[in-house]
Amino acid sequence: MASSTYPARRRPSKALAKVLDGGDVLVQVGAADIGTGARTALTRIAAATLNVAPERVHVELGDSDLPDGPVAGGSMGTASWGSAVVRACEELVKDGKEGRADTTDEVAKEAELARHAFGAQFAEVRVSTVTGEVRVSRLLGVFAAGHILDAKLARSQFIGGMTMGLGMALMEETLTDEEFGGFLHRDLAQYHVPVCADIRDVEAVWLDEQDDALNPMGSKGIGEIGIVGTAAAVGNAVFHATGHRVRELPITPAKVLGHTF
């Protein structure tokens, strides 16, 4: 088992919300959906703020002509863009036609409080005394990450993060040429990442959590919290199985066999 925390931050963002012909709503923000479901999350945020069906909300992202939005990273994307979308939709409700928002001042005035997502990861491993190979039989993550905006997206992102943590624990390694400084692992044949056969049984669950000091949605980022505790949990499990602590990642067969069982 390993526990972990990750800061729940947000950055200034802008957004536009306006009524289209026919009554649907267009929401624009210069966000980037890098595969984490930003379009779905922002659609749900706008629909909830406007009290309309998600099918009536059309979100446009990924263009520098759109209202400025911060980079997707640091578990800040949804919190940052979503705050601007909420404020723009609130202005739309007041105006009836269009609403614009810029959260620069709001973010700057945030109280100095500790804001973190929390996780506890559990790992079960099998270690071969012959080859030193480590196999992860089961992974479980339990999280407290504020208000979960979409259960399917959240579970997928938690599991994806834990999969990345497994890669960090057992196989991912960057090696450089000591003489010329070039990268020695230049493709996926040399730089190994987890595949389906490596992920036997992985599950993620979360606790209901309300924190009104976070942002208008009460949400926390979940991009990294699934990653940061997983490698430690796997390392602890290997220690429990072998009686020896490997303190350099990844935990390769050579490092395992370097100890006497």
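These numbers come from a predicted model, not from an experiment. Note on numbering: residues in each chain are counted from 1, in written sequence order. Totals for whole chains, interfaces and linings use every residue, but because this is a predicted model, local features are given only for residues with pLDDT of at least 70 and side-chain atom pairs only at 80 or more, for both listing and counting. Think of the side-chain values as coming from all heavy atoms in the structure, minus any hydrogens and water.

A.B. asks: When you look at the pattern of salt bridges in this model, what are you seeing that I'm missing?
C.D. replies: When their charged atoms lie close together, side chains carrying opposite charge are able to pair. In what follows, salt bridge is the name for a side-chain nitrogen of Lys or Arg lying within 4 Å of a carboxyl oxygen of Asp or Glu. In this structure the tally under the stated criterion is 14 salt bridges. Between Arg 135 and Glu 133 there is a salt bridge, with the nearest N and O atoms lying 3.1 Å from each other. Relative accessible area decides the class of each residue, using a 1.4 Å probe on protein chains only: under 20% of the type maximum gives buried, over 50% gives exposed, and in between gives partly exposed. Using a relative accessible area of 27% as the deciding quantity, one classes Arg 135 as partly exposed.

A.B. asks: I'm lost on helix 4 (residues 151-170) in this one. Help?
C.D. replies: Each turn of an α-helix holds 3.6 residues, which means side chains three or four residues apart point in the same direction. Helix length check: helix 4, at 20 residues, gives a terminal C-alpha distance of 29 Å against a target of 28 Å (1.5 Å per residue), a fit within 8%. Secondary structure elements are defined from DSSP: runs of H or I of at least 4 residues count as helices, runs of E of at least 2 residues count as strands, and each element is numbered from the N terminus. For helix 4, the complete set of buried residues consists of Ala 154, Phe 158, Ile 159, Gly 161, Met 162, Thr 163, Gly 165, Leu 166, Gly 167, Ala 169 and Leu 170. The inward-facing, buried residues of helix 4 abut strand 6 (116-127), strand 7 (134-144), strand 8 (202-206), helix 5 (225-228) and helix 6 (230-242). Multiplying 1.5 Å by the residue count of a helix minus one yields the expected span of that helix. Whether two residues are in contact is decided by their heavy atoms, any of which lying within 4.5 Å being enough.

A.B. asks: How should I be thinking about the nonpolar core in this particular structure?
C.D. replies: One broad trend across soluble globular proteins is that nonpolar side chains are buried collectively. We define a nonpolar core as any set of buried Ala, Val, Leu, Ile, Met, Phe, Trp, Tyr and Cys residues linked to one another through side-chain atoms lying within 4.5 Å. Within the largest apolar cluster, 30 residues are counted, with the highest numbers of intra-cluster contacts made by Val 125, Val 134, Val 136, Leu 139, Phe 158, Leu 170 and Val 234. Sorting the residues of this core by element identifies strand 6, strand 7, helix 4, strand 8 and helix 6 as the ones contributing at least two each. Ranked by residue count, the leading element in this core is helix 4, at seven residues. Setting aside its immediate chain neighbours within four residues, Val 136 contacts Glu 124, Val 125, Leu 166, Leu 170, Asp 198, Arg 200 and Val 234. Counting residues in hydrophobic clusters, the runner-up holds 24 residues, among them Val 29, Val 59, Ala 84 and Ala 88.

A.B. asks: So what exactly am I meant to see when it comes to the side chain of Ser 137 here?
C.D. replies: Tracing the backbone through its elements, the reader meets Ser 137 in strand 7. Judged by its relative accessible area of 14%, Ser 137 falls in the buried class. Nitrogen and oxygen atoms within 3.5 Å of one another constitute a polar contact, given that in protein one can donate a hydrogen and the other can accept it, and given that sequence-neighbouring residues count only through two side-chain atoms. In this structure the side chain of Ser 137 is engaged in a polar contact, spanning 3.2 Å, whose partner is the side chain of Arg 126. Each residue touching Ser 137, except ones within four places of it in the same chain, is listed here: Glu 124, Val 125, Arg 126, Arg 200 and Asp 201.

A.B. asks: It is not clear to me how the sheet that holds strand 8 should be interpreted in this structure. Could you clarify?
C.D. replies: Adjacent strands of a sheet form backbone hydrogen bonds with each other and so pair up, either parallel or antiparallel. The pairing criterion for strands is at least two bridges between them, as found by DSSP. Strands sit in the order 1-6-7-8 across an open sheet of four strands; the sheet is mixed. Since the sheet does not close on itself, it has two edges, and those belong to strand 1 (2-7) and strand 8, each with one partner. Looking at each pair of strands side by side, their axes are set apart by 20° on average, direction ignored. Summarising the sheet, strand 1 and strand 6 pair through six bridges and their orientation is antiparallel. Each bridged residue has a counterpart across the sheet, and for Thr 5 the counterpart in strand 6 is Phe 118. Where helix 4 meets the sheet, it contacts strand 6, strand 7 and strand 8, and its direction lies at approximately 130° from that of strand 8. In this analysis, axes come from line fits to C-alpha atoms, helices being fitted only over the stretch in contact, and the angle between any two N-to-C directions falls in the range 0 to 180 degrees. Against the sheet, helix 6 touches strand 1, strand 6 and strand 7, its axis set at about 35° to strand 6.

A.B. asks: Looking at this structure, how should I read the packing of helix 1 (residues 38-50) against helix 2 (residues 77-95)?
C.D. replies: For any two helices packed against each other, one specifies the inter-axial angle together with the distance between the axes. Put simply, helix 1 and helix 2 touch, their axes get as near as 9 Å, and they point 30° apart. Between helix 1 and helix 2, the crossing angle belongs to the class labelled roughly parallel. Classified by chirality, the crossing of helix 2 by helix 1 is right-handed. Contact with helix 1, carried on its side by Ala 38, Ala 41, Leu 42, Ile 45, Ala 46, Thr 49 and Leu 50, involves Thr 78, Trp 81, Gly 82, Val 85, Val 86, Cys 89, Glu 90, Leu 92 and Val 93 of helix 2 and no other residues of that element. Residues that form the contact of helix 1 with helix 2 fall into these classes: twelve nonpolar, three polar and one charged. Roughly parallel means an angle under 35 degrees; roughly antiparallel, over 145; roughly perpendicular, 65 to 115; everything else is oblique. Crossing chirality is assigned from the near helix's rotation relative to the far helix, an anticlockwise turn below a right angle marking it left-handed and a clockwise turn marking it right-handed. Asp, Glu, Lys and Arg are counted as charged, while Ala, Val, Leu, Ile, Met, Phe, Trp, Tyr, Cys and Pro are counted as nonpolar; the rest, among them Gly, fall into the polar class.

A.B. asks: Would you explain the packing of helix 4 against helix 6 in this entry?
C.D. replies: At their nearest, the axes of helix 4 and helix 6 sit 7 Å apart, and the two run at 50° to each other. In terms of their interaxial angle, helix 4 and helix 6 are classed as oblique. In this structure, the crossing between helix 4 and helix 6 has a hand that is right-handed. Along the contact surface, helix 4 presents Met 162, Gly 165, Leu 166, Met 168, Ala 169 and Leu 170, while helix 6 presents Thr 230, Ala 231 and Val 234. Of the residues belonging to the contact of helix 4 with helix 6, the class tally is seven nonpolar, two polar and no charged.

All we've got here are geometric facts, nothing functional implied.
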